[in-house]
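So you can see what is in the structure, the chains are spelled out below.
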Amino acid sequence: MKDAVDVSSHRNAVEFADGVYWIGALDPTLRTFDIILSTANGTTYNAYMVKGSEGIAIVDTVKENFSDEFFARLESVADYEDIKVIVLNHLEPDHSGALPELMRRAPQAKLYISRKATPMLKALLKPAKAALEYTTVTTGDSVSLGDRTLRFLHTPFLHWPDTQCTYLEEEEVLFSGDVFGCHFCDKRLFNDRVGDFRFSFEYYYAHIMRPFKSHVLDALKLIEPLTFQQIAPTHGPILREKPRSYVTRYRELSTPSLSREMDSIVQTLIIFYMSSYGNTARMADEISEGAGEVEGVRVSLYDLEGGVIDPFVDLIEDADALLFGSPTINGDAVKPVWDLLSSLAVINIKGKLGGAFGSYGWSGEAVSMIEDRMEGLKMHIPKEGIRIKLIPSDEELEKCRTFGRWIADELVGNHEAIMN
Ligand SMILES: Cc1cc2nc3c(=O)[nH]c(=O)nc-3n(C[C@H](O)[C@H](O)[C@H](O)COP(=O)(O)O)c2cc1C
Ligand SMILES: [Fe+2]
Ligand SMILES: [Fe+2]
């Protein structure tokens, strides 16, 4: 049976593989991380140490105000003069906070970071800039500690441009940075000991990794072929029981869903609208009809009045095109439209096709405001939206139908086909 631990009762390092130690810090009272994440029982800043026959490596550090705990654990098993290597897998301040002080205490140690981390290192550690020396590494590079070898994996954008993973070959431990991590603080440290942290693992993925799914899939190509005994992320439990199940879960979460795998559906278009007197609703119906005439497009139509944000965000992630319809009310689009458009930070919508439409009484700002927002989100707006004054006439409804058909044709590449 594996030993029980309680790291809240001491400031010692915890050895979890031969010569491999946890030297991190607990932050049990934190309730919000980085403004955006709720943390019901806090988080941990995990840092690690590897002892080799020819020196010691430190992998990641902790948030600056947890430095004392980190250095105390480090000193419980090592002397600073024996530190040969410092690896930073990710330069966000929750992991680089103690780095300047560590470099001051172990000036002989060499720092290894990814190439994309260079500008961040300079920007984050401005006061220490002059003294900074580092080596950039990528997939295939490794560093030896004698009888221990650290191999680097280039896994950018998980969740910053600089991120990488580091693999300890002999003990088959993957130091994965924020990947496979979660904000969950439990003094028992290991996944087979701590409380049920599944919600936290899923929540962390949904808010931190989800916008970068394609990068997750790229990283998994490097990670999946490895054999590992343990995964050691920078937050939350160390994954020593069934570590591969977490890798499998990341693949599931990052793989496009069923709708994409249906052969008959080439492209998906979602039309969201809101309407007080039914004018914008009639426009939405006609646009939907027009789009539906085009082969290979699945059109979905939703009234935001009866909608809930989260399922809509899931749908939008899978959609190829989005149209938003709103009347102009007091010089603005209606709030549910903005609520949905401001909830898309957790997914990647760059390059999706977009458009807007709406009925108005006199000034009609809503359509262009929605278009501006979509452009701000880096969506592609190929055609100016439709504004109709008050009740749409038959002729205007026909315009809506044509607009819908045009959007759908654009989506499946029919316009390009005609031009060629
Ligand atoms: C409280 C209120 C405020 C409005 N403010 C504006 C406005 O600022 N500019 C404008 O062009 N129309 C404004 N309108 C007119 C509506 O945009 C117009 O009635 C429109 O046809 C409603 O479309 P719907 O039936 O799709 O809701 C306003 C209407 C209401 C009820
Ligand atoms: Fe991070
Ligand atoms: Fe982090």
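Residues numbered from 1 in each chain as written. Chains lettered and ligands numbered in written order. Predicted model: local features only at pLDDT ≥ 70, side-chain atom pairs only at ≥ 80, totals over all residues.

### Focus: the pairing of strand β1 (residues 14-17)
At step 1: Bridge analysis of β1 against strand β2 (residues 20-22) gives three bridges, and the strand direction is antiparallel. Following the sheet pairing, V14 is matched in β2 by W22.
At step 2: Where β1 folds back on β2, the antiparallel hairpin that results is connected by two residues, among which G19 adopts a positive phi of roughly 75 degrees. (Pairing = 2+ DSSP bridges. Helix = DSSP H or I, 4+ residues; strand = E, 2+ residues; numbered from the N terminus.)

### With respect to the domain arrangement of the protein
At step 1: Looking at the protein, the domain boundaries give domain 1 (7-254) and domain 2 (259-419).
At step 2: Just the C-alpha atoms count here: the centres of domain 1 and domain 2 sit 43 Å apart. (Domains from an automatic or database assignment.)

### Observations regarding the nonpolar core
At step 1: Among the nonpolar cores identified, the biggest contains 76 residues, and W22, I23, Y48, M49, V50, A57 and F70 are the most heavily contacted of them.
At step 2: Looking at this core element by element, the count peaks at five residues for helix α5 (residues 198-209).
At step 3: Setting aside anything within four residues of it in sequence, one finds I23 in contact with A13, A47, Y48, M49, F70, R73 and L74.
At step 4: Judged by nonpolar contacts, the second largest core, of 40 residues, contains V299, F312, L322 and I386. (Core = buried A, V, L, I, M, F, W, Y, C linked by C-beta atoms within 7 Å. Buried ≥ 20, exposed ≤ 12 C-beta atoms within 10 Å, placed from the backbone. Contact = placed C-beta atoms within 7 Å.)

### A word on the sheet that holds strand β8 (residues 55-59)
Consider a sheet: its strands pair through backbone hydrogen bonds, and that pairing is either parallel or antiparallel.
At step 1: Strand order in the open sheet made by the seven strands is β1-β2-β7-β8-β9-β10-β11, with mixed pairing throughout. Of all the strands in the sheet, just β1 and β11 (135-137) have a single pairing partner and so form its edges. Neighbouring strand axes in the sheet, compared pairwise and without regard to direction, differ in orientation by 25 degrees on average.
At step 2: Two elements, strand β9 (residues 83-87) and strand β10 (residues 110-114), share three bridges in a ladder whose sense is parallel. The residue bridging V87 from the neighbouring strand is Y112, located in β10. (Axes fitted to C-alpha atoms, helices over the stretch in contact; angles between N-to-C directions.)

### A few points about the site of ligand 1
At step 1: As a structural note, the neighbourhood of ligand 1 is formed by 18 residues, with S276, Y277, T280, P327 and G361 the closest of them.
At step 2: Contributing elements (two or more residues each) for the shell around ligand 1: α9 (279-292) and β20 (353-360).
At step 3: Considering only residue class, the shell around ligand 1 consists of six nonpolar, twelve polar and no charged. (Near = placed C-beta within 6 Å. Nonpolar A, V, L, I, M, F, W, Y, C, P; charged D, E, K, R; others polar.)

### Some remarks on the packing of helix α6 (residues 213-223) against helix α7 (residues 243-254)
At step 1: Two elements in contact, α6 and α7, have axes separated by 9 Å at closest approach and are oriented at 145 degrees. The chirality of how α6 crosses α7 is left-handed. Contact residues: K213, V216, L217, L220 and I223 in α6; V247, Y250, R251 and S254 in α7.
At step 2: Grouping the constituent residues of the contact of α6 with α7 by class yields six nonpolar, one polar and two charged. (Left-handed = near helix turned anticlockwise from the far one by under 90°.)

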